[in-house]
Amino acid sequence: MVPFGGWEMPLAYPSGTMAEHRACREGAVAFDVSHLGTVRVSGATAFDHLQHSLSNDLTRIGPGRAQYTHLLDQTGSVADDIIVWWVDDEVFDVMPNASNTSRVVAAIGGEDVTTERAIIAIQGPSARALLAEISPDAAAVPRFGVRRVDWETVPCVVSGTGYTGEDGVECAVPAARAEEFWSAILATGVLPAGLGARDTLRLEAGLPLHGHELGPGITPLQAGLAWVVGWDKGDFIGRDALEKEKAEGPRRRLRGVVGLGRQPLRDGAEVVDGGRKVGYLSSGNFSPMRERGIGLALIDADAQLLDSAAITVRQRGRDLPATIVRPPLWPPREEEE
């Protein structure tokens, strides 16, 4: 167990991070992600309020759908990245990162209902088939769909979302019944997985982590997430700063990095091209699937590094050869093979 965002979380279960990671890519795992926040915003003004507060355009979806979005500050920096579950016509469950729940409540209002539920994420190519053994309705929730589902008379909310790059769902279960739900899931053969595998999976999938690829001084445009900005929806917090950056061009961009050896890459390491520092790793680790070091890096725009460009990762006094790639980092793209 390790501290994370004000919570104690399992880093790994007895099977270990490598086995948990591969089980998610090849079978199914369950994560307890109850540390994520749930801020309920409801009422007749909820839609308009969220449209102004968040970067994405809710008119792209509707009730019964989920959307990835950003809470920006006035500089255009990402204060948090969020999934919004549009549960009912006037009910939205806004899902911030663990350490940012109070910040999101302060910014958008709403009711913090985090302690009322647990969230279990079932992920992997076999996730739906195994989940269907205990809840066919939960297993049938489509990708980025949101449904109210009863599990053994227990009211749950299920979303077709996740943070692994694999198919799956996230189930919000009343806290008092969460242990029963967790045990029922594991009884189907789903393997429990911890924070270690969650991080290596999201990194292989090229998914950003707040505090690494997103945060103060990092905008959606720098992070390669311009699609999260609803340019046509009218005013929203941070719009003016983003429009200026869009016109001038971002000063740096997020790229993928794959090492040529098994040495894990580490966040904070320098990215060097032609003897010149051109960026740094925002995240780094070992890829259990590629069996080599991988990372995400913020690279200066003037470096003009193309995909497949050879670079050097300088960390802990060592120069490691690596290649620039376009995320996601798993599976490898055809041009890498």
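Report follows, based on the coordinates. Fair warning: this is a prediction, and the values are worked out from it, not measured in the lab.

Broken down by element type, the protein chain carries eight helices and 19 strands. The C-alpha radius of gyration of the protein chain comes to 20 Å, within 12% of the 20 Å expected for a compact globule of 337 residues. For the C-alpha atoms alone, the extent of the protein chain along its principal axes is close to 65 × 50 × 35 Å. Taking the intrachain contacts of the protein chain between residues at least 6 apart in sequence as the baseline, contacts between residues at least 24 apart amount to 67%.

The topology assignment puts R198 in helix 7 (residues 195-204). Within the buried core, R198 has no salt-bridge partner, and the shortest N-O distance to an opposite charge, that of E170, equals 5.1 Å. Those residues in contact with R198 that sit more than four places away from it in its chain are F31, V33, H35, L36 and Y163.

Another point: helix 6 (residues 178-187). For helix 6, every residue scored as buried is listed here: A178, F181, W182, A184 and I185. Taken around the axis of helix 6, the buried residues stretch over an arc of 165 degrees, which confines them to a single face. The exposed residues of helix 6 that point more than 90 degrees off its buried face are E179 and A187. On its buried face, helix 6 sits against strand 3 (29-32), strand 9 (117-123), helix 4 (127-131), strand 10 (146-151), strand 12 (168-174) and strand 13 (191-192). Looking one or two residues past helix 6, G189 carries a phi angle of roughly 105 degrees, positive in sign.

Attention shifts here to the packing of helix 1 (residues 17-26) against helix 7. Across the interface, helix 1 lies against helix 7 with an axial gap of 8 Å and an inter-helix angle of 50 degrees. By the angle between their axes, helix 1 is oblique relative to helix 7. Two packed elements cross with a definite hand, and for helix 1 against helix 7 that hand is right-handed. Residues T17, E20, H21, C24 and R25 of helix 1 form the contact with helix 7, whose own contacting residues are G196, A197, T200, L201 and E204. The residue inventory of the contact of helix 1 with helix 7, partitioned by class, reads three nonpolar, four polar and three charged.

This part takes up helix 2 (residues 46-53). Turning to helix 2, its buried residues are A46, L50, Q51 and S53. Along its buried surface, helix 2 packs onto strand 4 (39-42), strand 5 (65-72), strand 7 (91-95) and helix 3 (101-108).

Moving on: the pattern of salt bridges. Think of it this way: side chains of opposite charge can pair up when their charged atoms draw near. Scanning the model with the defined rule gives 14 salt bridges in all. In this structure, E243 engages R239 in a salt bridge whose closest nitrogen and oxygen atoms are separated by 2.9 Å. A residue pair is termed a helical-turn pair when its members lie 3 or 4 positions apart in one helix, as E243 and R239 do in helix 8 (residues 239-248) at four residues. Among the ionic contacts, a cluster of salt bridges with common partners joins R25, E166 and E204.

This paragraph deals with the state of the cysteines. Under the counting rule described, the total for this entry stands at zero disulfides. Here C24 is not disulfide-linked; the sulfur of C171 is the nearest cysteine sulfur, at 14 Å. According to the relative accessible area criterion, C24 is buried, its value standing at 0%.

Before going further, it helps to spend a moment on unusual backbone geometry. For the bond from P327 to P328, the omega torsion is 5 degrees, close enough to zero to count as cis. Tracing the chain through its elements places P328 in the segment after strand 19 (318-325). With an omega of -5 degrees, the peptide bond between W330 and P331 qualifies as cis. Its identity is not glycine, yet E291 carries a phi of approximately 55 degrees, on the positive side. Within the fold, E291 resides in the loop between strand 16 (276-287) and strand 17 (292-300). Given the relative accessible area of 41%, E291 is considered partly exposed. Even without a glycine there, the phi angle at R316 is positive, about 50 degrees.

A word on the pairing of strand 18 (residues 310-315). Of the two faces of strand 18, the one lined by I311, V313 and Q315 is fully buried and the one lined by A310, T312 and R314 carries no buried residue. When strand 15 (residues 270-273) meets strand 18, the two strands line up antiparallel, connected through three bridges. Pairing of V272 across the sheet is with T312, part of strand 18. The hairpin turn running from strand 18 into strand 19, its antiparallel successor, is two residues long, and R316 in that turn takes a positive phi close to 50 degrees.

Criteria and cut-off values
- Residues numbered from 1 in each chain as written.
- Predicted model: local features only at pLDDT ≥ 70, side-chain atom pairs only at ≥ 80, totals over all residues.
- Heavy atoms only, no water.
- Helix = DSSP H or I, 4+ residues; strand = E, 2+ residues; numbered from the N terminus.
- Rg over C-alpha atoms; globule rule 2.2 N^0.38 Å.
- Contact = heavy atoms within 4.5 Å.
- Buried < 20%, exposed > 50% of the residue type's maximum accessible area, 1.4 Å probe, protein only.
- Lys, Arg positive; Asp, Glu negative; His and termini not counted.
- Salt bridge = Lys/Arg side-chain N within 4 Å of Asp/Glu carboxyl O.
- Arc of directions from axis to C-beta.
- Axes fitted to C-alpha atoms, helices over the stretch in contact; angles between N-to-C directions.
- Parallel < 35°, antiparallel > 145°, perpendicular 65-115°, else oblique.
- Left-handed = near helix turned anticlockwise from the far one by under 90°.
- Nonpolar A, V, L, I, M, F, W, Y, C, P; charged D, E, K, R; others polar.
- Disulfide = S-S within 2.5 Å.
- Pairing = 2+ DSSP bridges.

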